[in-house]
Amino acid sequence: MSDDRPEKPLPELRASDADRDRVAERLRDAVAEGRLDMEEFEERLEAAYKSRTYAELEPLTRDLPAAGPAAQPVPAAGSAAAPWPGRIGGAGTSTLAVAVMSGFQRKGRWTVPARFDAVAFWGGGELDLREADFAQREVVINCVAIMGGIEITVPPGVELDVRGFGFMGAFDQRHSPGPSVPGAPRVVITGFAFWGGVEVKVKPPKPPTKGPSLRKEL
């Protein structure tokens, strides 16, 4: 079947998830090429995934050269795409988090074990994997949310597999992590939500803090 869509879509046409993913991938390439800093990247990536039409997507890459051999330097012999920056291997920081009418949080620098169990009963929990290391190439996060909620944040580039089941509840994946980075971990999120929810978000790592606030944190 032939595709009758014009080469350049009409601005008022609705964009698809694949269109948004293509823009997100171009933005990631622009960061790697040094054309965008992390602040600009985060702003444009968020706008891309909120865009509904081609007219909203087009300005996000208007000032970037088209991807392809003419826009990208030829890699040196033997070079490869940038590998996953995090470390894989070692023991997990912890294997269980429970919130009963309370909350839990795992964020910053920590090591995700091969299997991590998260339970929220009348409470809430947050798992942020953007700065985490991984004990194995594939990790499983098993979530049980009963009248509570669990939020999981992963960085772009991971291989993400969300398999959870919701009964009067929901497993909600926000956006796609895009193409997996060479050597990136595979994160499998499974479990059960009853009158509760598990929300999976994709966000880039936060840029390092500069100046006095960094010294204070250290």
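Keep in mind the model is a prediction, meaning the values are calculated, not measured. (Residues numbered from 1 in each chain as written. Predicted model: local features only at pLDDT ≥ 70, side-chain atom pairs only at ≥ 80, totals over all residues. Heavy atoms only, no water.)

1. Notes on the overall build of the protein chain
(1) Moving on: A tally of helices and strands in the protein chain yields 4 helices and 13 strands.
(2) Moving on: Out of the 218 residues belonging to the protein chain, those deemed buried represent 35%.
(3) Moving on: Residue pairs at least 24 apart in sequence account for 68% of intrachain contacts in the protein chain once pairs closer than 6 positions are excluded.
(4) Moving on: Of the accessible surface of the protein chain, which amounts to about 12800 Å², a share of 55% is contributed by carbon and sulfur atoms. (Helix = DSSP H or I, 4+ residues; strand = E, 2+ residues; numbered from the N terminus. Buried < 20%, exposed > 50% of the residue type's maximum accessible area, 1.4 Å probe, protein only. Contact = heavy atoms within 4.5 Å. Areas by Shrake-Rupley, 256 points an atom, 1.4 Å probe, with all protein chains shown as cover.)

2. Regarding the packing of helix α1 (residues 17-32) against helix α2 (residues 38-50)
(1) Moving on: Where α1 contacts α2, the two axes come as close as 9 Å, and the packing angle between them is 175°. Comparing the axis directions of α1 and α2 gives the class roughly antiparallel. Across the interface between the two elements, Arg 20, Asp 21, Val 23, Ala 24, Leu 27, Arg 28 and Val 31 of α1 pack against Met 38, Phe 41, Arg 44, Leu 45, Ala 48 and Tyr 49 of α2.
(2) Moving on: Among the residues forming the contact of α1 with α2, the class breakdown is 9 nonpolar, no polar and 4 charged. (Axes fitted to C-alpha atoms, helices over the stretch in contact; angles between N-to-C directions. Parallel < 35°, antiparallel > 145°, perpendicular 65-115°, else oblique. Nonpolar A, V, L, I, M, F, W, Y, C, P; charged D, E, K, R; others polar.)

3. Describing the nonpolar core
(1) Moving on: Counting residues in hydrophobic clusters, the biggest one holds 28 residues, and the most contacted among them are Leu 129, Ile 141, Ile 150, Ile 152 and Ile 189.
(2) Moving on: Elements represented by at least two residues in this core include exactly β1 (96-100), β4 (115-121), β7 (138-146), β8 (149-154), β12 (186-194) and β13 (197-202).
(3) Moving on: In this structure Leu 129 touches Trp 110, Val 112, Phe 134, Ile 141, Thr 153, Val 154, Pro 155 and Val 187, once residues within four positions along its chain are discounted.
(4) Moving on: Formed by 13 residues, the second largest nonpolar core is a distinct cluster that contains Ala 15, Ala 48, Tyr 49 and Leu 60. (Core = buried A, V, L, I, M, F, W, Y, C linked by side-chain atoms within 4.5 Å.)

4. Quick look at the environment of Phe 194
(1) Moving on: The residue Phe 194 is located in strand β12 in this model.
(2) Moving on: Remark: the alpha-carbon pair of Phe 194 and Gly 166, spanning 28 residues in sequence, is separated by 6.1 Å.
(3) Moving on: Beyond its immediate sequence surroundings of up to four residues, Phe 194 is in contact with Ala 145, Ile 146, Met 147, Phe 167 and Met 168.

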